[in-house]
Structure formats: C-alpha cells, structure tokens
Amino acid sequence: MKKIISGGIMALIILGCTQDKKPSNIPAQETEDLMPVSSVQINKDKNTIKERFSAPKNYQWQEEKSDSFGYFIENFKLKPYGSQILRYDDSPISTQHLHEAVFDIDTGNKDLQQCADAVIRLRAEYLYKIKKTDDIKFHFTSGHLLSWNDYKNGTRAFVNGNSVNFRKTADFDDSYQGFRNYQDLIFNYAGTISLNKETKPVLKNSDLKTGDILITPGSPGHVVFIAGVCKNKEGKKLFLLSEGFTPAQSIHLLSNPFQKNISPWYDLDVNASETKTARYIFEPTNFRSF
C-alpha cells in the first residue's frame, strides 16, 4: 500500500488511486452480460498495440511521429495474447474478462504502481528512452516537485507531518535501478490530483491523440490513457484505452463491452457528460494532455 501520512496538507499525498478500492462503479453483472464480441480483427500473434489491433472497417490507424509519446505507447511491447492481469504479488486479479492485452512491463513488488502511477511510469520511461531527462519531473499530491535529475544527484524527500523537505543525502546514481527507485518514490506520493494539475485540458475531439488521458482527480479517482487512434474519411476518430488499477497490477488495454461491434475501440466525446469504460465511469468527462 502507499504510505499513509496523517495531518494537514500531507493527507493529500495519498489521495488518488490509493482509495480506488471498488473495481468499478459499473455493476458487475452489467459488464459480464456485455462480454465483448467484436468484428475487429485482432492479430493474436503480434506483440505491439498497433500491430495486434486492426482498425475497424473504413477506419485507418493515425500515424504518430517517431519521437512522440503516442508512438512510444502504440509500439510498446505486449505480453502474449491471453495473458492475465497480475497483481504486484504475481497473483491474478479476479476480473479477467475486460481486457484485450497486457503491457510487457513490470509492476514492481509493492502496491505502488496503481492507476495514475501507470501513466507516470510510461511517461517517465518514454522521456528516459529518448534521453529527455531534464523533463522527467513529477509533483507530489502536496504540490512538491522532485525531478529525476535531482534524485540521481542524491536528493531525497523527507516527510514529517505536514512538511516535506528535500536534502542531498545519497551519492550520484544514474543507473536504471536508481531510476526505478525514483519512480517508486513518485508513485508513493503522486496520484490523480497531481497528474490532473500537470496536464492541460483537451477541448476538441479532433485534438485527442495517443498518450492523452481521461481522468477523475480525487479520492476515489481514476485515469485511463489513449493507447491508439484511428480515423475514417469523414474525420471521425475511435480510440483504444489502457490503464493501471488498484491494487497495483499489470498495465492493460481495455475491451469495450458497451460497443461490441468495435471492441476494443471506443467512440469518445470530450463533451459527453460521462464516459463509460470497462471498469470505471468518468463523470464528468475530463480529457487532458501532457
């Protein structure tokens, strides 16, 4: 579990996915009755999102620039088709019928990498891969900012009641394990509230792109991210959605039990009063972008 700190502003640190205890606010029977049966071709032998999931009829995948966050996501390696969602302790979660793919990335061995953390993880890994290390910096829910550059140079966070202080107490370490340790620290103190503040609103459907997020900040809160975009000749877009969840578990791509004919693609609208996903209802709809 994420570290619980009592008192004042530091209570905010744990708000986010930590309190997402209910698996969804969609009735379980409803999702079971809507088991997705789709006409969309799924190439089960392929191991990236873009290769595995064909666009629906009359739609085409949207191209992403090779150095973009969207390209990083849609070309992320997947585990073999049919892989289960596993908790951080390697036990399977109980709900295994609402996803179509599992990302080939570790969850860690603690209950840290939950929903907002899954987005932060992929964003950090992307920036690390393209060597934009100056941009790897995330806020705690309390508002305090810690960058990877500061952490690798030995800066550590010290939390005492309502206060957060940063002091240099460790030697320089720019190893990948050090980077993972930095991420775990961020996961411990960040969440949907801080992630919402670090992103900008998306106000038009035409502006939605791979890597954007749909988020409810708070406690409980939740977030999913767009993992692929396709478009038809009229300009209408459809979207793939992925998420992490609570307790910390495999990052996975969702099926769409509400539109069986296009599952796992979703028809999304930034102006909708609510947006149903397989495991959560976002009310209001709140799309944001890095």
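All values derive from a computational prediction rather than experimental measurement. (Residues numbered from 1 in each chain as written. Predicted model: local features only at pLDDT ≥ 70, side-chain atom pairs only at ≥ 80, totals over all residues. Heavy atoms only, no water.)

Before we go on, may I ask you to explain the environment of I136 in this structure?
Its location among the elements puts I136 in the loop between α4 (115-129) and β3 (137-139). In the structure, I136 is positioned twelve residues away from W148 in sequence and 5.6 Å away in space, judged by C-alpha atoms. Apart from the residues within four sequence positions on either side, I136 is in contact with A124, L127, Y128, S147, W148, F179 and Y182. (Helix = DSSP H or I, 4+ residues; strand = E, 2+ residues; numbered from the N terminus. Contact = heavy atoms within 4.5 Å.)

What's the story with unusual backbone geometry in this structure? I'm lost.
In terms of backbone geometry, most residues other than glycine have negative phi values and most peptide bonds are trans. Note that the residue after S263, namely P264, is joined by a cis bond; omega there is 10°. Mapped onto the elements of the fold, P264 is located in the loop between β11 (252-254) and β12 (275-277). Put simply, E283 and P284 share a cis peptide bond, and its omega is 5°. Inspection of the secondary structure puts P284 in the loop between β13 (280-282) and β14 (287-289). Its identity is not glycine, yet N58 carries a phi of approximately 75°, on the positive side. Residues other than glycine seldom take positive phi values, yet K131 does so here, at roughly 65°. Mapped onto the elements, K131 comes out in the loop between α4 and β3. Judged by relative accessible area, which is 70%, K131 ranks as exposed. (Buried < 20%, exposed > 50% of the residue type's maximum accessible area, 1.4 Å probe, protein only.)

Whenever I open this one, the nonpolar core confuses me. Can you help?
In summary, soluble globular proteins display a tendency toward joint burial of nonpolar side chains. Of all hydrophobic cores here, the largest spans 52 residues; its most connected members are I49, F103, L122, Y182 and F225. Looking at this core, the elements with two or more residues in it are α3 (69-74), α4, α5 (148-152), α6 (176-189), β8 (213-216), β9 (222-231) and β10 (237-243). Here this core gets nine residues from one element, more than from any other, and that element is α4. Beyond its immediate sequence surroundings of up to four residues, I49 is in contact with W61, I73, E74, F76, L78, F103, A227, L240 and L253. Listed in part, the 17 residues of the second largest apolar core include L214, L241, V270 and F287. (Core = buried A, V, L, I, M, F, W, Y, C linked by side-chain atoms within 4.5 Å.)

Whenever I open this one, the environment of T155 confuses me. Can you help?
Relative to the helices and strands, T155 is located in strand β5 (residues 155-160). Discounting chain neighbours no more than four positions away, the residues touching T155 are L146, D150, F166, R167 and K168.

Explain the side chain of S250 here, please?
On the secondary structure map, S250 appears in the loop between β10 and β11. Overall, the relative accessible area of 4% leaves S250 in the buried class. Ignoring sequence-local partners within four residues, the contact set of S250 consists of Q84, I85, L86, V102, T107 and E243.

Could you clarify how one ought to interpret the confidence of the model for the protein chain in this entry?
Detailed reading of the predicted coordinates is not advisable wherever pLDDT falls low. Counting all residues, the mean pLDDT for the protein chain is 90, and 87% of those residues have values of 70 or more. Taken as a whole, residues 3-15 scores under 50 in pLDDT and shows 36 contacts with residues more than four places along the chain or in a different chain. Every residue in residues 18-24 is under pLDDT 50, and counting partners more than four places away or in other chains gives 19 contacts. (pLDDT = per-residue confidence, 0-100.)

I tried to follow the packing of aromatic side chains on my own but got confused; where do I start?
Between two aromatic rings, the relevant description is the distance of the centres plus the angle of the planes. Tallied over the entire structure, the rule returns 18 aromatic pairs. Between Y128 and F179, the ring centres sit 4.2 Å apart and the planes meet at 15°, which makes this aromatic pair stacked. Here the residue Y128 occupies a position in helix α4, and F179 occupies one in helix α6, the gap between them amounting to 51 residues. Look at Y128 and you get partly exposed, because its relative accessible area is 25%. A residue is classified by how much of its surface remains accessible, and F179, at 0% relative accessible area, is buried. Both rings, one in Y151 and one in Y182, keep their centres 5.6 Å apart while their planes meet at 55°; by these two values the pair is tilted. Pair noted here: Y151 is in helix α5 and Y182 is in helix α6, with a separation of 31 residues, a long-range link. (Phe/Tyr/Trp six-rings, centres within 6.5 Å; stacked < 30°, edge-to-face > 60°.)

Please clarify how α4 should be interpreted in this entry.
In an α-helix, one turn spans 3.6 residues; hence positions three or four apart end up facing the same way. Spanning 15 residues, α4 covers 22 Å between terminal C-alpha atoms, matching the ideal 21 Å at 1.5 Å per step. Within α4, 13 of the 15 residues are buried, which leaves the element mostly enclosed by the surrounding structure. (Expected span 1.5 Å × (residues − 1).)

Sorry, what's going on with the packing of α4 against α6 here?
When two helices pack together, you describe them by how their axes are tilted relative to each other and by the distance separating the axes. For the pair α4 and α6, the least separation of the axes is 10 Å and the interaxial angle reads 150°. It follows that α4 is roughly antiparallel to α6 by the angle criterion. For the pair α4 and α6, the crossing hand works out as right-handed. Seen from α4, the contacting residues are D117, I120, R121, A124, E125 and Y128; seen from α6, they are Y176, F179, R180, Q183, I186 and F187. Looking at the contact of α4 with α6, its residues break down into seven nonpolar, one polar and four charged. (Axes fitted to C-alpha atoms, helices over the stretch in contact; angles between N-to-C directions. Parallel < 35°, antiparallel > 145°, perpendicular 65-115°, else oblique. Left-handed = near helix turned anticlockwise from the far one by under 90°. Nonpolar A, V, L, I, M, F, W, Y, C, P; charged D, E, K, R; others polar.)

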